[in-house]
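The lines below spell out each chain.
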Amino acid sequence: LRSSDITTRRIAADKGAERFEARLRDLGVPLRPLPSQDTVPIYNQLRSDVVQLIELESKIKKLEGEARVLENRKASFLKQGGSGGGGG
């Protein structure tokens, strides 16, 4: 059966699965398409690509947060005089 070829495993974390399913809905892709010789490999590749996209978006969000923290530290440092030399 081709239907057994469609990956039915859920993403490891439920939160990840929810984001994955929401992304498929955003793209207008059914969660369980009609399996056929043409759709199965395309659907499985799409699933892989969507998972990678979600992971990359998560990494970007994390890095943007880290960049904001560093910008705030820099601003705080410059506000305090920034030289750190102590007036020698």
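Residues numbered from 1 in each chain as written. Predicted model: local features only at pLDDT ≥ 70, side-chain atom pairs only at ≥ 80, totals over all residues. Heavy atoms only, no water.

Considerations on the overall build of the protein
What counts is decided by this rule: We count a stretch as a helix when DSSP gives it H or I for four or more residues in a row; a strand needs E for two or more, and each element gets its number in order from the N terminus. Here the term buried applies to any residue with accessible area under 20% of the maximum for its type, exposed to any over 50%, and partly exposed to those in between, with areas from a 1.4 Å probe on protein chains only. Note on contacts: a residue pair qualifies if any of its non-hydrogen atoms lie within 4.5 Å across the two residues. Note on areas: Shrake-Rupley with a 1.4 Å probe; residue coverage comes only from the protein chains shown.
Of regular secondary structure, the protein possesses 2 helices and 0 strands. Across the 88 residues in the protein, those meeting the buried criterion constitute 15%. Across the protein, the fraction of contacts at a sequence separation of at least 24, relative to all contacts at a separation of at least 6, is 63%. For the protein, the computed accessible surface area is about 7200 Å², with 54% contributed by carbon and sulfur atoms.

Side note on helix α1 (residues 14-26)
One full turn of an α-helix is made of 3.6 residues, so residues set three or four places apart face in the same direction. Rules: A helix is expected to reach a length of 1.5 Å times the quantity of its residues less one. What the arc describes is the spread of directions from the helix axis to the C-beta atoms.
Taking 1.5 Å as the rise per residue, α1 with 13 residues should run 18 Å; its terminal C-alpha atoms sit 18 Å apart, in good agreement. Where α1 is concerned, the buried positions are Gly16, Ala17, Phe20 and Leu24. All buried residues of α1 fall inside an arc of 100° around its axis, so they share one side. Those residues of α1 that are exposed and aimed more than 90 degrees away from the buried face are Asp14, Lys15, Glu18, Arg25 and Asp26. In the core, the buried residues of α1 are packed alongside α2 (39-79). One or two residues past the end of α1 sits Gly28, with phi positive at roughly 75°.

A closer look at the environment of Arg23
As for its position among the elements, Arg23 is in helix α1. Taking the C-alpha atoms as reference points, Arg23 and Val50, 27 residues apart in sequence, are found 7.5 Å from one another. Look past the residues within four positions of Arg23 in its chain and what remains in contact with it is Val50, Leu53, Ile54 and Glu57.

What to know about the environment of Tyr43
Positionally, Tyr43 belongs in helix α2. Separated by 14 residues in sequence, Tyr43 and Val29 have C-alpha atoms that sit 9.0 Å apart.

Observations regarding the packing of α1 against α2
Test applied: Fitted lines through C-alpha atoms serve as axes, helices being fitted only where they are in contact, and the angles separating the N-to-C directions of these axes extend from 0 to 180 degrees. Crossing handedness: left-handed means the near helix sits turned counterclockwise from the far one by under a right angle, and right-handed means the same turn made clockwise.
Two elements in contact, α1 and α2, have axes whose closest approach is 10 Å; the angle formed by their N-to-C orientations is 115°. Two packed elements cross with a definite hand, and for α1 against α2 that hand is right-handed. Contacts between α1 and α2 involve Arg19, Phe20, Arg23 and Leu24 on the former and, on the latter, Tyr43, Leu46, Arg47, Val50, Val51, Leu53, Ile54, Glu57 and Ser58.

As for the nonpolar core
Note the cut-off: Put simply, buried Ala, Val, Leu, Ile, Met, Phe, Trp, Tyr and Cys residues joined by side-chain atoms within 4.5 Å make one nonpolar core.
Phe20, Leu24, Tyr43, Val50 and Ile54 together form the largest nonpolar core, which totals 5 residues. Elements with a minimum of two residues in this core: α1 and α2. For this core, the element with the highest residue contribution is α2, accounting for 3 residues. Among all residues touching Val50, those that are not within four sequence positions of it are Phe20, Arg23, Leu24 and Leu27.

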